[in-house]
Amino acid sequence: MSDDVELVLRSTRVITPEGTRAASVAVAAGKIVAVLPHDAEVPAGARFEDFGDDVLLPGLVDTHVHVNDPGRTEWEGFWTATRAAAAGGVTTILDMPLNSLPPTTTVDHLRVKQEVARTKAHVDVGFWGGALPDNVKDLRPLHDAGVYGFKCFLSPSGVDEFPELDQEQLATSLAEITGFGGLMIVHAEDPHHLDSAPVVPGPKYADFLASRPRDAENTAIGNLIAQAKRLNARVHVLHLSSSDALPLIAAAKAEGVRITVESCPHYLTLTAEEVPDGASEFKCCPPIREAANQDLLWDALADGTIDCIVSDHSPSTADLKTDDFATAWGGISSLQLGLPAIWTEARRRGRTLEDVVRWMSAAPAALAGLADKGAIEAGRDADFAVLAPEETFTVDPAELHHRNRVTAYAGKTLHGVVKSTWLRGTQIADHGTPTEPTGRLLERQN
């Protein structure tokens, strides 16, 4: 082991791209320099941490986080969101271009957001740009300024400053983005299906579920596939909820269409059958669907039709979470809880922590082109989470770090306690308590 090694982390269970093994991981200058045998000698002067049988896994990469800062900081902010990330084993987030004011739809707006985030980030932070009907001219400059891709909506976003694209506008923006090799990430619900669905005000979850039918997702995804195929565009489907769309996606992938897909912890661990009436902490768009639908989403993760799992952390103030599902803000806050929530369900279904790492670290890093993230191997950033996978805890909202401690997971007992989190070789959280902010702002490099 080289004398310039500054830190050695040891565990009997280290998750690497080649599998799980007992190992010692050597770190220098914030990078992993070697993954060595478990009993490797520790250089004199190097800090040494032995985690015993706790699992050392790569820090999670969450590419779908609504930080809302600046402009709606009463909903969330970079300080609180990134503390929640650090406490939950997430070491990198990508911030969505809404619901901040201004939205990230011009280079000037991006610079405003970066300045706000710069001194508040407990984890590394990158940024998506937004594609609106009137900002096609801004897409290439945003790309050159380092955003990781562009988000659009195909149905109303819920905030007036971020309008949706119709099919002609989608084609125009996609053609522009494809011209410079960019990525479009898409909230795929068809507005015509939503407009024709019944909207019944009140507390009944069944009424809300009927107002966001699967056909809205299926049609929008089918149209997106057709556009991507025609333009050879690279597209990504956000927060897939409808299992009915899976055959369309699988067929498109088999044909060589450049499409990737994510789902979220709430679709994979919560079911419509368990949502109490009036409990709008469970409201999100597209909605949490039935248990049989969830089973098919897990099958699609296993066979690769769904590529990754990210949070879609979308908080609001508690007063916007009324007991009327028709008018309550739609968004679920799970940034701190995604790893244990997914691990709890994955272990029940016979999946492994290696699967979870692939879905929640390696695949999101690959989606965004974060070549330094997502794996424990030489040359990557020394970003880690230390997990006690057999330990359990009961979710207490008071122990969460996001700004408004509303959560659909309150009172649930989950497997997997995050003991510590490390960013480029520096410990940034200890038993759920974050340290001072050391995160960096990231920009796309290729």
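Everything numeric in this text was worked out from a predicted model, so none of it was measured.

A closer look at the packing of helix α11 (residues 338-348) against helix α12 (residues 353-368)
Working step 1: In the contact formed by α11 and α12, the axes pass within 10 Å of each other and the chain directions differ by 135°. In terms of axis orientation, α11 runs oblique to α12. In this structure, α11 meets α12 at a crossing whose hand is right-handed. Listed contacts from α12 to Gly-338, Leu-339, Ile-342, Trp-343 and Ala-346 of α11 are Leu-353, Val-356 and Met-360.
Working step 2: Its residues assigned to classes, the contact of α11 with α12 comprises 7 nonpolar, 1 polar and no charged.

Some remarks on the state of the cysteines
Linking two cysteines covalently through their sulfur atoms gives a disulfide.
Working step 1: A complete count under the given rule lists 0 disulfides for this structure.
Working step 2: The closest cysteine sulfur to the non-disulfide-bonded Cys-285 is located on Cys-284, 6.8 Å from its own sulfur.
Working step 3: Free cysteine: Cys-308, not disulfide-bonded; nearest cysteine sulfur from Cys-264 at 8.8 Å.

As for the nonpolar core
Working step 1: Grouped together as the largest cluster of nonpolar side chains are 96 residues, with contacts concentrated most on Ile-93, Phe-150, Met-184 and Leu-240.
Working step 2: In contact with Met-184, other than residues within four places in its own chain, are Ala-131, Phe-150, Lys-151, Cys-152, Leu-165, Leu-170, Ser-173, Leu-174, Ile-177, Arg-234, Val-235 and His-236.

Things to note about the pairing of strand β1 (residues 7-16)
Working step 1: Of all 10 residues that make up β1, 8 are buried, and the element is covered over most of its length.
Working step 2: Across 4 bridges, β1 lies against strand β4 (residues 47-50) in parallel orientation. Across the sheet, Val-8 pairs through a bridge with Phe-48, a residue of β4.
Working step 3: Pairing of β1 with strand β2 (residues 19-28) involves 8 bridges; the strand directions are antiparallel. Looking at the pairing, Arg-10 lines up with Ser-24 of β2.
Working step 4: Where β1 folds back onto β2 in an antiparallel hairpin, the turn is made up of 2 residues.
Working step 5: Of the pairings in the sheet, the one linking β1 to strand β5 (residues 55-58) comprises 2 bridges and is parallel in character. The partner of Val-14 across the bridge, within β5, is Leu-56.

Cut-offs applied
- Residues numbered from 1 in each chain as written.
- Predicted model: local features only at pLDDT ≥ 70, side-chain atom pairs only at ≥ 80, totals over all residues.
- Heavy atoms only, no water.
- Axes fitted to C-alpha atoms, helices over the stretch in contact; angles between N-to-C directions.
- Helix = DSSP H or I, 4+ residues; strand = E, 2+ residues; numbered from the N terminus.
- Parallel < 35°, antiparallel > 145°, perpendicular 65-115°, else oblique.
- Left-handed = near helix turned anticlockwise from the far one by under 90°.
- Contact = heavy atoms within 4.5 Å.
- Nonpolar A, V, L, I, M, F, W, Y, C, P; charged D, E, K, R; others polar.
- Disulfide = S-S within 2.5 Å.
- Core = buried A, V, L, I, M, F, W, Y, C linked by side-chain atoms within 4.5 Å.
- Buried < 20%, exposed > 50% of the residue type's maximum accessible area, 1.4 Å probe, protein only.
- Pairing = 2+ DSSP bridges.

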